[in-house]
Amino acid sequence: MAKTTLRQIEDRLRIMFTPGEHRKLVFWYDESASFEDEVEQLNIPDVTIYRMEPNTQFATKWMLELEHPDESFLIYAPYAKPALEDNHLADMLFYSQEYSTDRVTMIAQDFNLDERTKLFLKEHISFFAAQDRAKKFYDFGTPVYTEDTFALAMLAVLCKCPSKPEEVVRSVLRGSLDAENESLLAFSKFGLVGDFWQVCRRLFGYNPAEKSLKDLVTCLFATYAAHAMDIDAPDAWGDRSLPEEGEVLAFLDSMMNYLPDQPRFEEFSTVAAQELNAMQTLGQLQHTNPDLLLDCTVFDAAEEQIGSWIINRLLEENTSACLKDRSIKRICEERSKTYFGSKPARAEQYSLLANACTILEALHFAPVDGIDALVAQYKDTAWQMDTAYRKFYLSYGQIERTQDIEKLQSLVENVYTNNFLDPLTVHWCQSLSRDLTTFQTERQIAFYSTNVSSVRERIVVFISDAMRYEVAQQLFEKLALDAKCDAKLTPAVSTVPSYTQLGMAALLPHVSLELQPDSTVTILGKKTNGTAARESILQASDKNNSCIQFDQMQNMRRDDLRSYFSGKNVVFVYHNQIDARGDEARTENEVFSACEEAVEELYKEIRRLSDNANIRHFIVTADHGFLYKHDPILESDKVINLPQAEIKNKRFIVSDSTAPIAGAVGYPLGQVLKTKDTRTVYTPLGSSIFKIAGGGQNYVHGGASVQEMVIPVLNIRTQSGRVETTKAGISLLPTPEVLMDRRVPLKFLQSDLVTDTVLPANYEVRIVNEMGDTISTKRTIAADKLAGCRDEERYTDVVLTLKNNPYSRERNYYFLLVDKETGETAEKRPVKIDIVKQ
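Anyway, here's the lowdown on the structure attached to this text.

Procedures and definitions
Residues numbered from 1 in each chain as written. Predicted model: local features only at pLDDT ≥ 70, side-chain atom pairs only at ≥ 80, totals over all residues. Heavy atoms only, no water. Helix = DSSP H or I, 4+ residues; strand = E, 2+ residues; numbered from the N terminus. Rg over C-alpha atoms; globule rule 2.2 N^0.38 Å. Buried < 20%, exposed > 50% of the residue type's maximum accessible area, 1.4 Å probe, protein only. Contact = heavy atoms within 4.5 Å. Lys, Arg positive; Asp, Glu negative; His and termini not counted. Charge placed at Lys NZ, Arg CZ, Asp CG, Glu CD. Phe/Tyr/Trp six-rings, centres within 6.5 Å; stacked < 30°, edge-to-face > 60°. Salt bridge = Lys/Arg side-chain N within 4 Å of Asp/Glu carboxyl O. Polar contact = N/O pair within 3.5 Å; in protein donor to acceptor, adjacent residues only side chain to side chain. Axes fitted to C-alpha atoms, helices over the stretch in contact; angles between N-to-C directions. Parallel < 35°, antiparallel > 145°, perpendicular 65-115°, else oblique. Left-handed = near helix turned anticlockwise from the far one by under 90°. Nonpolar A, V, L, I, M, F, W, Y, C, P; charged D, E, K, R; others polar. 1 Å grid on protein atoms, 1.4 Å probe; cavity = no way out; pocket = protein on both sides within 12 Å on 5 of 7 lines; lining within 4 Å. Points joined across faces, edges and corners; volume = space filled by probe spheres on them. Core = buried A, V, L, I, M, F, W, Y, C linked by side-chain atoms within 4.5 Å. Pairing = 2+ DSSP bridges. Patch = residues over 30% accessible without salt bridge, like charges linked within 9 Å, V, L, I, M, F, W, Y side chains within 5 Å. Areas by Shrake-Rupley, 256 points an atom, 1.4 Å probe, with all protein chains shown as cover. Arc of directions from axis to C-beta. Disulfide = S-S within 2.5 Å.

A few words on the overall build of the chain. The helix and strand tally for the chain stands at 29 helices and 33 strands. The C-alpha radius of gyration of the chain comes to 40 Å, more than 25% above the 28 Å expected for a compact globule of 838 residues. C-alpha extents for the chain along the principal axes are approximately 135 × 65 × 55 Å. For the chain, with 838 residues in total, the buried portion stands at 53%. Looking at the chain alone, contacts between residues at least 24 apart form 72% of all its contacts between residues at least 6 apart. Taking the average place of the 92 positive charges on the side chains of the chain and the average place of its 122 negative ones, the gap between the two points comes to 5 Å.

Scanning the model with the defined rule gives 45 aromatic pairs in all. A ring pair is formed by phenylalanine 111 and phenylalanine 150, whose centres lie 6.3 Å apart and whose planes are at 75 degrees; its orientation type is edge-to-face. Of this pair, phenylalanine 111 sits in helix H4 (residues 103–111) while phenylalanine 150 sits in helix H7 (residues 147–159), and the two are 39 residues apart along the sequence. In terms of burial, phenylalanine 111 and phenylalanine 150 fall into one category: buried.

The subject of this paragraph is the pattern of salt bridges. Once their charged atoms are close, side chains differing in charge can pair, the charge on each being opposite to the other. Within this structure, the stated rule accounts for 53 salt bridges. The residue aspartate 215 makes a salt bridge to arginine 240 at a minimum N-O spacing of 3.2 Å. With a gap of 25 residues between them, aspartate 215 in helix H11 (residues 213–228) and arginine 240 in the loop between H11 and helix H12 (245–257) connect regions that are remote in the sequence. Residues aspartate 215 and arginine 240 agree in their burial class; the two are buried. Salt-bridge contacts for glutamate 303 lead to arginine 335; the nearest nitrogen and oxygen are separated by 2.7 Å. Taken as a pair, glutamate 303 in helix H15 (residues 300–315) and arginine 335 in helix H16 (residues 328–335) lie far apart in primary sequence, 32 residues in all. Here glutamate 303 matches arginine 335 in class, with each residue buried.

This part is about H4. Burial analysis of H4 places seven of its nine residues in the buried class, the great majority of the element. Inspection of H4 places Arg103, Val104, Met106, Ile107, Ala108, Asp110 and Phe111 among the buried residues, and these make up the whole buried set. One or two residues past the end of H4 sits asparagine 112, with phi positive at roughly 55 degrees.

In this structure, threonine 528 sits in the loop between strand S11 (526–527) and helix H23 (531–541). Exposure remark for threonine 528: the relative accessible area of 0% places this residue in the buried category. For threonine 528, the side chain forms a polar contact with the main-chain oxygen of valine 521, separated by 2.6 Å. Leaving out residues up to four positions away in the same chain, threonine 528 has contacts with Gln501, Ala505, Leu508, Val521, Thr522, Ile523, Ala533, Arg534 and Ile537.

Here we come to the packing of H4 against helix H5 (residues 115–123). Each packed pair of helices is defined by two parameters, the angle between the axes and the distance between the axes. The N-to-C vectors of H4 and H5 enclose an angle of 140 degrees; their axes lie 10 Å apart at closest approach. Overall, the two elements H4 and H5 adopt an arrangement that is oblique. Between H4 and H5 the crossing geometry is right-handed. Between H4, through Val104, Ile107 and Ala108, and H5, the contact on the second element is made entirely by Lys118, Leu121 and Lys122. The class makeup of the residues in the contact of H4 with H5 is four nonpolar, no polar and two charged.

For the rest of this paragraph, the subject is empty space enclosed by the protein. Going through the model one piece at a time under the given rule, you end up with one cavity of 30 Å³ or more. Size it by volume and the largest cavity reaches roughly 50 Å³. Looking at the largest cavity, the residues that line it are Leu627, Tyr628, Lys629, Ile633, Ser687, Ile689, Gln697, Asn698 and Val700. The class makeup of the residues in the lining of the largest cavity is five nonpolar, three polar and one charged.

The next subject is the nonpolar core. With 214 residues, the main nonpolar core has Phe150, Phe196, Phe299, Trp428, Phe462 and Phe572 as its most contacted residues. Ranked by residues supplied to this core, first place goes to helix H18 (residues 371–396) with 13 residues. Phenylalanine 462 has contacts with Phe550, Met553, Val573, Leu602, Glu605, Ile606, Leu609, Phe618, Ile619, Val620 and Thr621, leaving out every residue within four places of it along the chain. Among the nonpolar cores identified, the runner-up in size contains 26 residues, and Leu746, Val798, Leu800 and Leu817 belong to it.

Tracing the chain through its elements places aspartate 291 in the loop between helix H14 (278–288) and H15. Exposure remark for aspartate 291: the relative accessible area of 27% places this residue in the partly exposed category. Distance from aspartate 291 to arginine 608, taken between C-alpha atoms, is 48 Å for residues 317 residues apart in sequence. Those residues in contact with aspartate 291, other than ones at most four positions away along the chain, are Leu323 and Lys324.

Attention now moves to the layout of surface pockets. Quantified by volume, the largest pocket comes out at close to 1700 Å³. Lining the largest pocket are 40 residues, with Trp383, Gln384, Thr387, Glu477 and Leu786 sitting closest to its centre. The dominant element in the lining of the largest pocket, judged by the number of residues it contributes, is helix H21 (residues 469–480), at eight residues. Class assignment of the residues belonging to the lining of the largest pocket gives a composition of 15 nonpolar, nine polar and 16 charged. Taken as a whole, the second largest pocket holds about 1400 Å³ of empty space. For the second largest pocket, the lining is made up of 38 residues, of which Thr297, Thr338, Arg779, Thr780 and Val798 are closest to its centre. Of all the secondary structure elements, the ones that give two or more residues to the lining of the second largest pocket are H11, H12, H16, strand S29 (761–769), strand S30 (779–783) and strand S31 (795–801). Its residues placed into classes, the lining of the second largest pocket shows 12 nonpolar, 10 polar and 16 charged.

Within the fold, aspartate 834 resides in the segment after strand S33 (825–833). In sequence terms aspartate 834 and valine 738 are 96 residues apart; their C-alpha atoms lie 6.7 Å from each other. With near-sequence residues (within four places) excluded, aspartate 834 lies in contact with Val738, Leu739, Met740 and Arg809. Of note is the side chain of aspartate 834, whose polar atom sits 3.3 Å from the side chain of arginine 809.

Moving on to the sheet that holds strand S4 (residues 97–99). Pairing within the open sheet is parallel, and its four strands lie in the order S2-S3-S1-S4. The sheet is open, and its two edges are formed by strand S2 (47–51) and S4, each paired on a single side. The average angle at which neighbouring strand axes cross in this sheet is 25 degrees, direction not considered. Sheet topology note: the S2/strand S3 (residues 72–77) ladder contains five bridges and is parallel. The residue bridging arginine 51 from the neighbouring strand is tyrosine 76, located in S3. Contacts between helix H2 (residues 57–67) and the sheet are confined to strand S1 (25–29), S2 and S3, with S3 contributing the most and set at about 170 degrees to the helix.

The next thing to look at is a nonpolar patch on the surface. On the surface, Phe58, Trp62 and Leu66 cluster together into a nonpolar patch covering about 390 Å² of accessible area. Along the chain, tryptophan 62 falls in helix H2. The partly exposed category is assigned to tryptophan 62, whose relative accessible area is 46%.

Attention now goes to helix H6 (residues 131–139). Residues of H6 that are buried: Arg133, Ala134, Phe137 and Tyr138. Mapping the buried residues of H6 onto a view down its axis gives an arc of 130 degrees, with all of them on the same face. At the exit of H6 stands glycine 141, carrying a positive phi of roughly 105 degrees.

Turning our eyes to something else, we now look at the state of the cysteines. Under the criterion given, the structure shown has zero disulfides. Of all cysteine sulfurs in the structure, the one in cysteine 219 sits closest to cysteine 296, which takes part in no disulfide; the separation is 16 Å.

See below:
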């Protein structure tokens, strides 16, 4: 029993026990035993509370008249008053008083219930028999109850949730969808099951002849999907669509966005999809009106059908196909942010499809002529093909390989090799043969003199083995979004052959390089293989220079770092993530994953050295790049009939011969090294390999291709201290002054593009009334477009749906735009609503 009712009882009883009276007896027969758990809590001064059990009337009379004749008593009997002939205390009642009440009357008085609601209370009075239930009910406060709201509060007590319709339904749906649902069993115990279904009727319009939680869930999802696609419910869904669309959308949106409810949302989506045969229904839309699929976000089947539509277009080599004026790449980007599209498997699927689209655009690729022109072409756009190929296979290893995916993979591999890689590599080989000593692009052999020797501050040079230019582009983009980093990426051309010993030596200070018969390289007779040998050459230029392995430095603590860098001028750090994996036949298929790890490792170490060792200037470069093709190398792709050679590699040989080789290009080694060396370096013409024994054929380097020879020179400067940043903003474009439809389309423009000092942000838009109550669905707008994106990518379309509430044109309503992270209002725009409640 609630405290307010106990106080009322106490107040009434204290009046009956007038202070100063010599003795007073009050009998209280409680026929329903409604107060037997609470009666002992009553506090009546100078009055003893005595509980009289059945068949103890004589003992009670003895106690009252003989043992305590001068004391006042409240005699509580948790049963009906006996008939006169059976009541042995009847004579005492003539000089005593009788207190009588019932729980229905007291509760009705507490809440000022009308007769209809009082009758409902009487039918369900057993609900209030337990003190904890009654207390929770009273704790809701004392609103003016109707029968419906009184029942709702009782349901809320049993569900242990706020007394709101949507919260009661949400609580019930957190249980099972069958007859064993705990909440429904509790409702049944107190005769409230029908009242729960009335809540669903008033909230959603759910009122079929045969009601069940499974059917309710199915109707919710059918309504949401049909409304989102702006169509009537498909015929296959029958009468599953509910009239209160706004409430349905708001309810499921809330489930989608509330982390604890998301597992149940996914279960419900699966149940509803099965009941509605969503895969088949949405599959029909894919063929008849695929644009509608873009608005369906509550079924994973929509992602399946959209993915299928994209795959079909790509297999047709139709990379310009659109849905609702959205390109394939934009569809993939947007769908990867939807509820089901953002799940790991689906996100990988969309990544794979977007990158496949980029690669298939190479069908129209036309390489230019000349080393400088080819470098410029690769630097501007062509690198994206290699990145897309790398990202495609990263995703390919993470998703289910259906027959269509396998077909797409074959097409991607064919186009990448035959339309991009081979034509580009052939042009590179031919141009390099012609321009070997005349091109103007920075050369790797001039790296030290160009980038290091003239620097008058401490500089750390990361040499990442096999980090080709397109991988460094990814690191550059990551650094460009860091407010404390200022980065500039330029290309350089490595030596040919493009392998580790020669590339590492070329980055050291030198006048000329000597290639030894065992493939090692010396500078003025000094060996260059190994950290100690390279440090010796660096210190010959400046005694305060040093070399260190990346793993060794990475394990240093802050004080060790500061001690190590104290007094140093130039430090070469050798990083070996990519080549270490690629050069091993058993791990060469992991090289693309190694590229991702290399980017993360280098970024973190740059930031760590900047923060902990006060280093402000860094360069990231490489000894060479690499070629990697996923599919097995065919025998027809191997160059045979090779001359005698001192050094043999799958992508180059060094020979005393100067005779031409079919399928290969020769370069005078002396011109490469700036020596009088008379030998010739041969590389395959294109992406083929020489037929040489040994494992590891998919990952190769040493030859003459853009991917192997165009290396990065990434110059980075960092700042100390705090850097001011802002969030990217969005603007709500012009809206109607008066809303006359419950479906409200809105358009937003991302006004600030993301940079190193402008951070991405997420905003939530909804419509509220003048009290701030939400009266529509909510939608999230991501302000995450980067500087350099196309203008059309800055716009976002959303649709809000108003709840079926009564609206008045005389009242004030607002579009409300809120920063989801901080909760701060970004924009509040007034609007009138002139809609009649249906």
